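Inside the fold
The primary structure of each chain is shown beneath.
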Amino acid sequence: MDLFSRSWTALRTAVAEVPDEDFERASGCAGWLVRDLVCHLVIGAQDVLITLVTPADSEPTVDAVTYWGIVEPPTGEDPLDALIPRLAAAYGEPRWLKFHFDDVGSAAGRAAQLADPAARVSTRDEVLTVGDFLSAYVLEWTLHHLDLLAHLPSAAEPPAENLAAVRATLEKIAGTPFPASFSDTDALLVGTGRRAPTDVEKAALGDFTARLPLVIG
């Protein structure tokens, strides 16, 4: 729960500090501008709110790690992916997108703090505890925080403890640890295909290189 709050607060603060003119810069998500990424985060905040008020009575089917799986890389043909840039452009000025994100994002943060970690909720046709659901979202928020600052070098990075936690989650999903020589940030960027490994990193990764990128969905 604490990791969720820290990751979400850090991400919301980073978005609030992005100058309006930088909303037209590229993000770390291929094909998306910063404004598109922020619009996607609005939808993510809505998902948190919806899931927290969707109780379930059955036993959990997934946990914070198995909630995620390795999927095929996006092709750009998914209807929702194509919709995001149009929704983001409809805001017109960045201040309206910032306002909506702060409004919904604040509500999602408060709902998470008030929720019972042991309660069970349903989402994506799965059941899991609130604690596991919010822990799973630490991966989402932290990776997208890295996407936000991909071309904004002055932006604040995600909290170190969140980077370490998400690296551990990604290693569990992959079933393989990243080399100790990799920083947590490099493990996440290279591991999820946000940047290509250098020759030195490929040598350290060995056979693991052939399994990259790990596209999480």
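On a predicted model such as this, the values are computed, not experimentally measured, just so you know. (Residues numbered from 1 in each chain as written. Predicted model: local features only at pLDDT ≥ 70, side-chain atom pairs only at ≥ 80, totals over all residues. Heavy atoms only, no water.)

Remarks on unusual backbone geometry
Here the amide bond leading from Leu-212 into Pro-213 is cis, since omega sits at 5 degrees, within 30 degrees of zero. Mapped onto the elements, Pro-213 comes out in the segment after helix H8 (199–205). Of note in the backbone geometry, Asp-125 takes a positive phi value of approximately 60 degrees without being a glycine. Mapped onto the elements of the fold, Asp-125 is located in the loop between strand S1 (120–123) and strand S2 (126–129). Taking the relative accessible area as the measure of exposure, Asp-125 reaches 80% and is therefore exposed. (Helix = DSSP H or I, 4+ residues; strand = E, 2+ residues; numbered from the N terminus. Buried < 20%, exposed > 50% of the residue type's maximum accessible area, 1.4 Å probe, protein only.)

Considerations on the pattern of salt bridges
Following the criterion strictly, the structure yields 13 salt bridges and no others. A salt bridge links Lys-98 to Asp-20, with the shortest nitrogen-to-oxygen separation between them at 3.5 Å. Here the residue Lys-98 occupies a position in helix H4 (residues 94–114), and Asp-20 occupies one in the loop between helix H1 (2–16) and helix H2 (34–52), the gap between them amounting to 78 residues. With its nearest N and O atoms 3.3 Å apart, the salt bridge here joins Glu-24 to Arg-35. Pair noted here: Glu-24 is in the loop between H1 and H2 and Arg-35 is in helix H2, with a separation of 11 residues, a long-range link. Overall, Glu-24 belongs to the partly exposed group, its relative accessible area being 47%. Connected through shared salt-bridge partners, Glu-24, Arg-35 and Asp-36 make up one network. (Salt bridge = Lys/Arg side-chain N within 4 Å of Asp/Glu carboxyl O.)

A closer look at the nonpolar core
One finds Phe-4, Val-48 and Phe-133 to be the most contacted residues of the largest nonpolar core, which totals 59 residues. Mapped onto this core, the elements with two or more residues apiece are H1, H2, helix H3 (79–90), H4, helix H5 (130–148), helix H6 (160–174) and helix H7 (184–191). Of all the elements, H5 adds the most residues to this core, at 11 residues. The residues contacting Phe-133, other than those within four sequence positions of it, are Asp-47, Val-48, Thr-51, Leu-52, Tyr-67, Val-121, Thr-123 and Leu-128. (Core = buried A, V, L, I, M, F, W, Y, C linked by side-chain atoms within 4.5 Å. Contact = heavy atoms within 4.5 Å.)

A word on the side chain of Ser-27
As for its position among the elements, Ser-27 is in the loop between H1 and H2. A residue is classified by how much of its surface remains accessible, and Ser-27, at 6% relative accessible area, is buried. There is a polar contact of 3.1 Å between the side chain of Ser-27 and the backbone nitrogen of Cys-29. For Ser-27, the side chain forms a polar contact with the main-chain oxygen of Trp-32, separated by 2.9 Å. (Polar contact = N/O pair within 3.5 Å; in protein donor to acceptor, adjacent residues only side chain to side chain.)

What about the environment of Leu-134?
Turning to its location among the elements, Leu-134 is positioned in helix H5. Taking the C-alpha atoms as reference, Leu-134 lies 8.7 Å from Leu-3; in sequence the two are 131 residues apart. Those residues within four positions of Leu-134 in sequence are excluded, and the remaining contacts are Met-1, Phe-4, Val-48, Leu-52 and Ala-112.

Description of H5
Relative to the 27 Å expected for 19 residues at 1.5 Å per residue, H5 spans 26 Å between its end C-alpha atoms, a close match to the ideal helical length. Counting buried positions along H5 gives 17 out of 19 residues, so the element sits mostly inside the fold. (Expected span 1.5 Å × (residues − 1).)

Brief notes about the pairing of S2
Looking at chain direction, S1 and S2 are connected through four bridges and run antiparallel. When the sheet's bridge partners are listed, Thr-123 is paired in S2 with Glu-126. Connecting S1 to the next strand, S2, in antiparallel fashion are two residues, including Arg-124 with a positive phi near 55 degrees. (Pairing = 2+ DSSP bridges.)

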